[in-house]
Structure formats: structure tokens, C-alpha cells
Amino acid sequence: MISSLPQVVGLFCLVLLSAFFSSAEISLSAASKTRLMALSEDGDRRAAMVLEMREHPGQFFSALQIGLNATALLGGIVGDAAFSPFFQWLLAEILPGQDWGRISFVISFFVIFADLLPKRLAIARPEAVAMFVVRPMHCIITLFKPCVFILERLSDACIRSLGVPTKRQEAITSEDILASIGAGTAAGVIAPQEEAVIQNVFEMESRLVPSAMTARESIVYFTLDETEASIRA
């Protein structure tokens, strides 16, 4: 067990590294551009860096894949060396001897899949996590710049060949705003009357003037010298 201690420590570090890459992947995709812009306007430099990185997603995801694949490969090697003997001993009474090495490798390899919890945490607080990982990711992109450049160009060429834009389209439409207002009303943050007012504002350009005003020639009125018979009529 003592001889396996360096492998266990190394595997633990690789699990943390894998968790970092997993949370970075989800947080950048899930972070709200509106909230990041508000934080950037308040002077948060990290929010501005996240927005800048979102403008060049090819570099980010290329560096991310390099990190994830390298971590997975090293985790499989280190995990097998560290935990295979333990699982061989544990399964010796249950499984045939010829299956020990294969089963113990599969079990030890899955130790590196420490991405479920980081991804759920990143989904819960995407902006905070994105701002936490943006500086280290910027350093990783710089460190692996040649490989990142090649992968980015190859992926851009493949995407263009499919007729898909290489950058994310994030134009906010009236439908997006109304959907957010509806979600706010459902959550109790916005009153139903306020939602109706906002919806009416967006519908104004499609409404005709007579729907909100009565034309002068259509108004029925009385003059001060009108007779009682005329008024009754």
C-alpha cells in the first residue's frame, strides 16, 4: 500500500484536474452573457475575460480537449498501476482469475470520471465558476498555443464545410425577453400585471391606432345648447 502512495496522490491530482476541465467546459457554455456584461461594466476584469473567450470558442474548446484527453490517458495509466492490485485481491474470491486484470483496470479507470459533481456545480453557478477558471484556462491556451491553433483551424474548416457559423449567435430577440419575463412571473419575481404591461409594450408596433384611440368623427358628444329631446334620442 505504501508503494502505491505516489500513484494514489498522482491520481487524486488528476481527478482534481479533470474536475477543473469539466467545470470549465460547462460554465463557459451556460454562463449568461447579460450577467457577465453587467459584472464587466461594474469593473470585474474576469467577467470581461470570459466574454472575450466566448468570442473565440474555438481556442477554448481546443485547449479543453487537449487537457481532458491528456488527463484521461494519464488517469487510466496511474489508476491501473495504483488500484489494480487492490481490486485483484478484492475480486479474487468472486471472479475467475483470468478476469482479474481486465475488471480491475476497468474499475480503476473509472476513478478518473470525476466530472459529474463539477458539472452540476458549474450548472448551478455558471458565471462564478467561469470567472474562477478563466485565468487558468487563458494560461493553458497560451501554453499549448501551437496545438490549439491547429485544432481550431481544423474544427473551423469542418464547421464551415457544414454551413454552420463558427461563432455563437447571441442576439437577444423579443421572444427571448418575453420568455424571461414569463419565467420570472412563474417564479413569483414579476407580478402578472407587470407581465401584461411588458407584453403590451412589445405588441404596440403591430397594433393600429384605432385599437387604442377613437377617431374624432366616431365620437358621440353633446353640446351645451343640446335639447333634452335630442339627448334622449
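Residues numbered from 1 in each chain as written. Predicted model: local features only at pLDDT ≥ 70, side-chain atom pairs only at ≥ 80, totals over all residues. Heavy atoms only, no water.

S.K.: Help me understand the overall build of the protein chain in this model?
M.R.: The helix and strand tally for the protein chain stands at 11 helices and 0 strands. Going residue by residue from the N terminus, the α and β elements of the protein chain occur as α-α-α-α-α-α-α-α-α-α-α. For the protein chain, with 233 residues in total, the buried portion stands at 27%. Long-range pairs, those at least 24 residues apart, make up 75% of the contacts in the protein chain with a sequence separation of at least 6. About 16200 Å² of surface is accessible on the protein chain, with carbon and sulfur atoms providing 65% of the total. (Helix = DSSP H or I, 4+ residues; strand = E, 2+ residues; numbered from the N terminus. Buried < 20%, exposed > 50% of the residue type's maximum accessible area, 1.4 Å probe, protein only. Contact = heavy atoms within 4.5 Å. Areas by Shrake-Rupley, 256 points an atom, 1.4 Å probe, with all protein chains shown as cover.)

S.K.: Even after reading the chapter, I still don't get the environment of Thr-185, so can you show me in this structure?
M.R.: Mapping Thr-185 onto the fold places it in helix α9 (residues 174-186). Judged by its relative accessible area of 18%, Thr-185 is buried. Residues Thr-185 and Glu-195, 10 residues apart in the sequence, show an inter-C-alpha distance of 7.0 Å. The residues contacting Thr-185, other than those within four sequence positions of it, are Ile-190, Pro-192 and Glu-195. At 3.3 Å, the side chain of Thr-185 forms a polar contact with the side chain of Glu-195. (Polar contact = N/O pair within 3.5 Å; in protein donor to acceptor, adjacent residues only side chain to side chain.)

S.K.: How do you make sense of the layout of surface pockets when you look at a structure like this?
M.R.: Where empty space is left in the structure can be found by rolling a water-sized probe over the atoms. Estimated volume of the largest pocket: approximately 330 Å³. Counting residues per element, the lining of the largest pocket draws most heavily on helix α8 (residues 145-161), at 5 residues. (1 Å grid on protein atoms, 1.4 Å probe; cavity = no way out; pocket = protein on both sides within 12 Å on 5 of 7 lines; lining within 4 Å. Points joined across faces, edges and corners; volume = space filled by probe spheres on them.)

S.K.: What am I meant to see in the packing of α9 against helix α10 (residues 192-203) here?
M.R.: When two helices pack together, you describe them by how their axes are tilted relative to each other and by the distance separating the axes. For the pair α9 and α10, interaxial distance at closest approach is 10 Å and the crossing angle is 170°. If you check the angle between α9 and α10, you find them roughly antiparallel. Contact with α9, carried on its side by Ser-174, Ile-177, Leu-178, Ile-181, Gly-182 and Thr-185, involves Pro-192, Glu-195, Ile-198, Gln-199 and Phe-202 of α10 and no other residues of that element. Of the residues in the contact of α9 with α10, the class split is 6 nonpolar, 4 polar and 1 charged. (Axes fitted to C-alpha atoms, helices over the stretch in contact; angles between N-to-C directions. Parallel < 35°, antiparallel > 145°, perpendicular 65-115°, else oblique. Nonpolar A, V, L, I, M, F, W, Y, C, P; charged D, E, K, R; others polar.)

S.K.: Where do I start with the packing of helix α3 (residues 45-54) against helix α7 (residues 126-143) in this structure?
M.R.: In the contact formed by α3 and α7, the axes pass within 9 Å of each other and the chain directions differ by 60°. On the basis of their axis angle, the class for α3 and α7 is oblique. Crossing of α3 against α7: the hand is left-handed. Note on element contacts: α7 touches α3 through Ala-130, Met-131, Val-134, Arg-135, Met-137, His-138 and Ile-141, opposite Arg-45, Arg-46, Ala-47, Met-49, Val-50 and Met-53. Of the residues in the contact of α3 with α7, the class split is 9 nonpolar, 1 polar and 3 charged. (Left-handed = near helix turned anticlockwise from the far one by under 90°.)

S.K.: Can you help me understand α9 in this one?
M.R.: A turn of α-helix holds 3.6 residues, and therefore any two residues three or four places apart point the same way. In this model, α9 (13 residues) spans 18 Å end to end at C-alpha, consistent with the 18 Å of a helix rising 1.5 Å per residue. Considered for burial, the residues of α9 that qualify are Ile-181, Gly-184 and Thr-185. Down the axis of α9, the smallest arc covering the buried residues is 100°, so these residues share one side. The exposed residues of α9 that point more than 90 degrees off its buried face are Glu-175 and Ala-186. Buried-residue contacts for α9 involve α10. Looking at the residues trailing α9, positive phi occurs at Gly-188, about 90°. (Expected span 1.5 Å × (residues − 1). Arc of directions from axis to C-beta.)

S.K.: For this particular structure, what's the right way to read the pattern of salt bridges?
M.R.: Opposite charge on two side chains makes pairing possible when the charged atoms of those side chains draw close. Tallied over the full model, the rule gives 4 salt bridges. Asp-44 is the salt-bridge partner of Arg-46, the closest N and O atoms lying 3.6 Å from each other. As a salt-bridge pair, Arg-232 and Glu-228 come within 3.0 Å of each other at their nearest N and O atoms. Of the two residues, Arg-232 and Glu-228 both sit in helix α11 (residues 228-232), 4 residues apart, roughly one turn of that helix. There is no split in this pair, since Arg-232 and Glu-228 are both exposed. (Salt bridge = Lys/Arg side-chain N within 4 Å of Asp/Glu carboxyl O.)

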